[in-house]
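What follows is the residue order along each chain.
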Amino acid sequence: MTTAGAAPPGLPAESTRARVERAALDLFTLRGFERVTSDEVADAAGISRRTFFRYFATKADAVWGDFAGHVARLEALLAGSDPAQPVMASVCAAYVEVNSYPESQLHLLRERMQLILTEPALLAHSQLRFAEVDRAVARYVAARTGGTAQELLPRLVAASTRAAATTAFEAWLADERSSLVAQLRLALDELARGFPALDD
């Protein structure tokens, strides 16, 4: 066990966080989210209980990892998009880019998303996190259209694009041979173009 609040000798704090996330996801996947305690995650990661709570307020937060960073990257991509590009195209492109992961990270991402999208104990927590994404997209759409983020159109774009992305993740989880990026592009393109596949 390491000293409470400290990273293992020679390792930066980020490595400790990543190790805790991996231990949590592996344990939750193996035994079920509700059957694993925060103490067991800390023990598996080789840290103290106090250190665990330095990084994550709850064990549910360990499933989501650095979600604040994910939302911040999405906001940065939206802010940096070409103002001449249509709003919907910019939102869809940002979604694909922020969810493009190196091959080495896909196994852990699969474990993470499987828990987020299927674990009953995490569903309420998931809705709170998805709402953060919706607010980020709605603010961007409002800025582009000259309205407010509370109006119907920004909220509709936010909710529908996030739903399309979630469906793409579900399709990717159901087919291990598929590409996450390809599923995202397909789902978002269908949405943006008004489901052209229905007219085939």
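One can find the structure itself at the top, above this paragraph.
All residue numbers refer to position in the chain's written sequence, counted from 1. Local features in a predicted model are, by the rule used here, given only for residues with pLDDT of at least 70; side-chain atom pairs are given and counted only at 80 or more, and totals for whole chains, interfaces and linings are based on all residues. For side-chain calculations, the full set of non-hydrogen atoms in the structure is used, while hydrogens and water are omitted.

**Here we look at the packing of helix 9 (residues 152-174) against helix 10 (residues 180-192)**
Phase 1 of the analysis: Note on method: axes are straight lines fitted to C-alpha atoms, helices fitted across the in-contact stretch only, with angles between N-to-C directions ranging 0 to 180 degrees. The helix count covers DSSP runs of H or I at least four residues long, the strand count covers runs of E at least two residues long, and both are numbered beginning at the N terminus. For the pair helix 9 and helix 10, interaxial distance at closest approach is 8 Å and the crossing angle is 145°. Crossing hand, helix 9 versus helix 10: right-handed. Across the interface between the two elements, Ser 160, Thr 161, Ala 164, Ala 165, Ala 168, Phe 169, Ala 171 and Trp 172 from helix 9 touch Leu 180, Gln 183, Leu 184, Ala 187, Leu 188 and Leu 191 from helix 10.
Phase 2 of the analysis: Tallied by class, residues from the contact of helix 9 with helix 10 come to 11 nonpolar, three polar and no charged. Crossing handedness follows the turn of the near helix against the far one: under a right angle anticlockwise gives a left-handed crossing, and clockwise gives a right-handed one. Any two residues whose heavy atoms approach within 4.5 Å at even a single point are treated as in contact. Note on residue classes: Ala, Val, Leu, Ile, Met, Phe, Trp, Tyr, Cys and Pro are nonpolar, Asp, Glu, Lys and Arg are charged, and everything else, Gly too, is polar.

**Concerning the pattern of salt bridges**
One side chain can pair with another of opposite charge once the charged atoms of both are near each other.
Phase 1 of the analysis: We define a salt bridge as a side-chain nitrogen of Lys or Arg found within 4 Å of a carboxyl oxygen belonging to Asp or Glu. Taken as a whole and assessed by the stated rule, the structure comprises 10 salt bridges.
Phase 2 of the analysis: Put simply, Glu 21 and Arg 112 hold a salt bridge, and the shortest N to O gap is 3.0 Å. In this pair, Glu 21 sits in helix 1 (residues 13-31) while Arg 112 sits in helix 7 (residues 106-118), placing the two residues 91 residues apart along the sequence. When sorted by exposure, Glu 21 lands in the same class as Arg 112, which is buried.
Phase 3 of the analysis: Here Asp 61 ties to Arg 129 by a salt bridge, and the two come within 2.6 Å at their closest N and O atoms. Placement of Asp 61 in helix 4 (residues 59-64) and of Arg 129 in helix 8 (residues 123-145) is noted, with a sequence separation of 68 residues between them.
Phase 4 of the analysis: Remark: exposure states derive from per-residue accessible area (1.4 Å probe, protein chains only) relative to the maximum for the residue type, with buried under 20%, exposed over 50%, and partly exposed in between. On the accessibility criterion, Asp 61 (12% relative accessible area) is buried.
Phase 5 of the analysis: For Arg 129, a relative accessible area of 14% puts it in the buried group.
Phase 6 of the analysis: One network of salt bridges, with partners in common, ties together Arg 17, Glu 21 and Arg 112.

**Considerations on unusual backbone geometry**
Phase 1 of the analysis: Look at Phe 195: it is not a glycine, yet its phi comes out positive at around 55°.
Phase 2 of the analysis: Here Phe 195 shows up in the segment after helix 10.
Phase 3 of the analysis: The exposure class assigned to Phe 195 is partly exposed, which follows from its relative accessible area of 41%.

**Some words on the packing of aromatic side chains**
Phase 1 of the analysis: Between rings of Phe, Tyr and Trp, where Trp is taken as its six-membered ring, a pair exists when centres lie within 6.5 Å; planes separated by under 30 degrees are stacked, by over 60 edge-to-face, and by other angles tilted. Enumeration over the complete set of coordinates arrives at six aromatic pairs.
Phase 2 of the analysis: Ring centres of Phe 52 and Phe 56 lie 5.8 Å apart, and the angle between their planes is 45°; on these two criteria the pair is classed as tilted.
Phase 3 of the analysis: The buried category is assigned to Phe 52, whose relative accessible area is 1%.
Phase 4 of the analysis: Ring centres of Trp 64 and Phe 67 lie 4.8 Å apart, and the angle between their planes is 80°; on these two criteria the pair is classed as edge-to-face. Accessibility assignment for this pair places Trp 64 and Phe 67 in one class, buried.
Phase 5 of the analysis: Every member of this aromatic cluster is reached through a ring pair, and the members are Phe 52, Phe 53 and Phe 56.
Phase 6 of the analysis: Whether a charge lies above a ring is judged from NZ of Lys or CZ of Arg, which has to be within 6 Å of the ring centre and within 35 degrees of the ring normal. A cation over a ring is seen here: Arg 110 above Trp 172, with NZ or CZ 4.2 Å from the ring centre.

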